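# Structural overview
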Amino acid sequence: MNNISPNDDNETQDTSSIPQLDADLSNLVQYGLTEAVQKRLISIITKDPSLVPGRVARVDGISTFVHSISSDYRAVSTFARVAHEDEFEVEPAQPTVGDWVLIRPGENLDPDEIELVLPRTSLLARKRVQRGKEEGDEQVLAANISTVFVVQAATYFNTNRLEREIALVWGSGATPVVVLSKTDLLDESELDTETVIEQAQLAAPGVEVFAVSGITGDGTDPLRGYTEAGTTVVLIGASGVGKSTLVNHLMGHEAMDTGEIRESDTRGRHTTVTRQLLPLPNGGVLIDTPGIRSIALVSGSEDALAKTFSDVEQYLGKCRFSDCRHSGEPGCAVNEAISSGEFSQSRLESYRRMERELQHEESKHDPTVKTEHQRLMRVIAKGRRQKSRMNKRKK
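Residues numbered from 1 in each chain as written. Predicted model: local features only at pLDDT ≥ 70, side-chain atom pairs only at ≥ 80, totals over all residues. Heavy atoms only, no water.

## Description of the overall build of the protein
A tally of helices and strands in the protein yields 10 helices and 14 strands. Of all intrachain contacts in the protein linking residues separated by at least 6 positions in sequence, the fraction that spans at least 24 positions is 66%. Carbon and sulfur atoms make up 47% of the accessible area of the protein, which amounts to about 20900 Å² in all. (Helix = DSSP H or I, 4+ residues; strand = E, 2+ residues; numbered from the N terminus. Contact = heavy atoms within 4.5 Å. Areas by Shrake-Rupley, 256 points an atom, 1.4 Å probe, with all protein chains shown as cover.)

## A closer look at the packing of aromatic side chains
As enumerated under the stated definition, the model contains four aromatic pairs in all. Aromatic side chains Phe-309 and Tyr-351 sit 5.4 Å apart centroid to centroid with 65° between the ring planes, which places their arrangement in the edge-to-face category. Placement of the pair is Phe-309 in the loop between α6 (302–308) and α7 (310–313) and Tyr-351 in helix α9 (residues 345–363), with a sequence separation of 42 residues. For the pair Phe-309 and Tyr-351, one class covers both residues: buried. Aromatic pair Tyr-315 and Phe-343: ring centres 6.0 Å apart, planes at 50°, arrangement tilted. With Tyr-315 in the loop between α7 and α8 (333–339) and Phe-343 in the loop between α8 and α9, this residue pair connects regions lying 28 residues apart in the sequence. Neither Tyr-315 nor Phe-343 differs from the other in exposure class; each is buried. (Phe/Tyr/Trp six-rings, centres within 6.5 Å; stacked < 30°, edge-to-face > 60°. Buried < 20%, exposed > 50% of the residue type's maximum accessible area, 1.4 Å probe, protein only.)

## Quick notes on the packing of helix α3 (residues 159–172) against α9
Across the interface, α3 lies against α9 with an axial gap of 11 Å and an inter-helix angle of 50°. Taken as axis vectors, α3 and α9 run oblique relative to one another. Regarding α3 and α9, the two cross each other, and that crossing is right-handed. Within the contact between the two elements, α3 uses Asn-160, Glu-163, Arg-164 and Ala-167 and α9 uses Arg-347, Ser-350, Arg-353, Met-354 and Glu-357. In the contact of α3 with α9, the residues fall into two nonpolar, two polar and five charged. (Axes fitted to C-alpha atoms, helices over the stretch in contact; angles between N-to-C directions. Parallel < 35°, antiparallel > 145°, perpendicular 65-115°, else oblique. Left-handed = near helix turned anticlockwise from the far one by under 90°. Nonpolar A, V, L, I, M, F, W, Y, C, P; charged D, E, K, R; others polar.)

## Focus on the pairing of strand β5 (residues 100–104)
For β5, the tally of buried residues reaches five of five residues, placing the bulk of the element in the interior. Side chains Trp-100, Leu-102 and Arg-104 project from β5 onto one buried face, and the interleaved Val-101 and Ile-103 project onto a second face that is buried too. Two elements, strand β1 (residues 52–60) and β5, share four bridges in a ladder whose sense is antiparallel. What sits directly across from Gly-54, in β5, is Val-101. Direction of pairing for β5 relative to strand β6 (residues 113–117): antiparallel, over a ladder of four bridges. Paired with Ile-103 across the strands is Ile-114, a residue of β6. (Pairing = 2+ DSSP bridges.)

## So, the confidence of the model for the protein
Residues at a pLDDT of 70 or more form 77% of the protein, whose mean pLDDT is 83. Taken element by element, the predicted model of the protein shows its lowest mean pLDDT in helix α10 (residues 367–394) (62) and its highest in strand β10 (residues 175–181) (97). Scored below 50 in pLDDT, residues 259–271 shows 31 contacts in the model against residues more than four places distant or in partner chains. (pLDDT = per-residue confidence, 0-100.)

## A few points about the environment of Glu-329
Looking at the secondary structure, you find Glu-329 in the loop between α7 and α8. Put simply, Glu-329 and Cys-319 are 10 residues apart on the chain and 9.0 Å apart in space, counted from C-alpha to C-alpha. Excluding its chain neighbours within four sequence positions, the residues that come into contact with Glu-329 are Cys-324 and Asn-335. Engagement of the side chain of Glu-329 in a polar contact is seen with the backbone nitrogen of Arg-325, the distance being 3.0 Å. Engagement of the side chain of Glu-329 in a polar contact is seen with the backbone nitrogen of Ser-327, the distance being 2.6 Å. (Polar contact = N/O pair within 3.5 Å; in protein donor to acceptor, adjacent residues only side chain to side chain.)

## Points about the nonpolar core
In a soluble, globular protein the nonpolar side chains are often hidden away together inside. Ranked by size, the top nonpolar core spans 67 residues in total, and within it Leu-41, Val-178 and Ile-236 carry the most contacts. Ranked by residue count, the leading element in this core is α3, at six residues. When near neighbours in sequence (up to four residues on either side) are disregarded, Val-178 contacts Val-150, Leu-162, Ile-166, Ala-200, Ala-204, Val-207, Glu-208, Val-209 and Phe-210. The next biggest cluster of nonpolar side chains, apart from the first, holds 19 residues, and it includes Ala-153, Val-212, Leu-223 and Leu-280. (Core = buried A, V, L, I, M, F, W, Y, C linked by side-chain atoms within 4.5 Å.)

## Topic: unusual backbone geometry
Unlike most non-glycine residues, Asn-144 shows phi in positive territory, near 55°. Along the polypeptide, Asn-144 turns up in the loop between β8 (133–143) and β9 (147–153). With phi around 60°, His-326 is a residue other than glycine that occupies positive phi space. Positionally, His-326 belongs in the loop between α7 and α8. In this structure His-326 comes out as buried when scored by relative accessible area, which is 15%.

## Some details on the state of the cysteines
Applying the stated rule across the entire model yields zero disulfides. There is no disulfide at Cys-324, and the cysteine sulfur nearest it, in Cys-332, is 3.7 Å away. According to the relative accessible area criterion, Cys-332 is buried, its value standing at 2%. (Disulfide = S-S within 2.5 Å.)

## Topic: the pattern of salt bridges
Think of it this way: side chains of opposite charge can pair up when their charged atoms draw near. If you walk through the whole model with that rule in mind, you get 11 salt bridges. The salt bridge partner of Arg-161 is Glu-165, with a shortest N-O separation of 2.8 Å. Taken together, the residues Arg-161 and Glu-165, both in helix α3 and four residues apart, mark about one turn of the helix. Comparing Arg-161 with Glu-165 shows no difference in burial state: the two are buried. Residues Glu-163 and Arg-347 are paired through a salt bridge, measuring 2.9 Å at the closest nitrogen-oxygen approach. Of this pair, Glu-163 sits in helix α3 while Arg-347 sits in helix α9, and the two are 184 residues apart along the sequence. (Salt bridge = Lys/Arg side-chain N within 4 Å of Asp/Glu carboxyl O.)

If you want it as C-alpha cells, here you go:
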C-alpha cells in the first residue's frame, strides 16, 4: 500500500491533470458529489493517481459495493483509514453506506481495496438492541447525509418512537423531517390528517412535518425540495410504514419491492433487507434502510436530547428550588408549564426516561461505576443461589 503525505508542498505536485480530474469526477455528481468533496478527492488523487474515488452504495458483509467514476467496484476494507486534512489516521475505518472513499484496484488476483475514507460530515448511528437487551456496540446506518425522512404510518402513529427517532437524527448532524405516510388509508381509521400532524408537531417541535401518500403521491411534492443535486436523504422507520412505496414514488419507477398491507392493522410487511444508495431523478441521492425495530441512543447524545425536548429544557433550572424533582414541589416551573398546556406530563416522562438511559450509558464508561455495578451483580447472584438452596431443602 502506497503512503501519501498530505503535507507535500503544493508546488511540487503535477496539476496539469486537474481539468481531466474535474471531468472524470463529474460522473459522481449523480451520487451526491459536492464541491467540498470534489476538492478533497482531487487533492488526494494528484498525489497518488492510482487511487480511484467513489461512494459506498451498499455493504454486503465483507464486500463493499462502490459507485466510481467509470465503473462499480466490489472492494474490501481491511486496511481502510480516515483521510483527514493534515494526516491519515493509522487506526482502521469501517466504510458504511454514503461514505466517500478511495479504492486501490487489485493487481493480478488481488482484491480491490478501500484504502481511504473521507471525513464524514454526518453519521447516523444507533445502539444495537437485540430482543430488549443492549449488545454494547453501535450500528452505523449511513454517512454524509443532509436530511433524514423519519417515516411513520399515519394510521399507526407512535409518539414515543418519534421522539426517539428525532433525537437519533439530531445526534447524527443531519436535519430531521417527519413524513406521515399512508394518508390514503386514514378514511378507514378513526384518525384524521390534521390530528396526526398535530400530534407529530408536539412530539417534534421545530421539525417540518408532511402528510403524504406514496400510493397516490398526495403531499409528496414538498419532499423533492430536500432531494436536489448534492443532497443525500435517508429514510428511517419501523418495518411496514411505507418507506419502499415512498422511495418508488420519489424515484419515479419501481425501484423497491413493496409488501402487502395487513388487514389487522393496515401496516405493511418488511421488504427492504439492506441499506443502499439510490440516485434520484432530480440530482440528489436517497438511502433506504431496513425497518428499525427499536431506537436506542448512543453515548454522547445529550445535545440531541436537549434539541428534541427543547420545549421541556427551556423550563429546567427555573424552579424555585435548585434541587426540584418536578414532582409537585411548590414553585416548580416544569409543573406549571404542564398545567398551562406547554407540554404534556407524558412528554416530561419520555424526556426523563431517555435522560436516564444516556446517564446509564455514560456511567458504563466510568471504571468506578462499572466496578460497583459488578459488585452489586455478584451480591444479587449470591442471594439467588442461597434462595435456591433454601427452596431445595424445604422440598
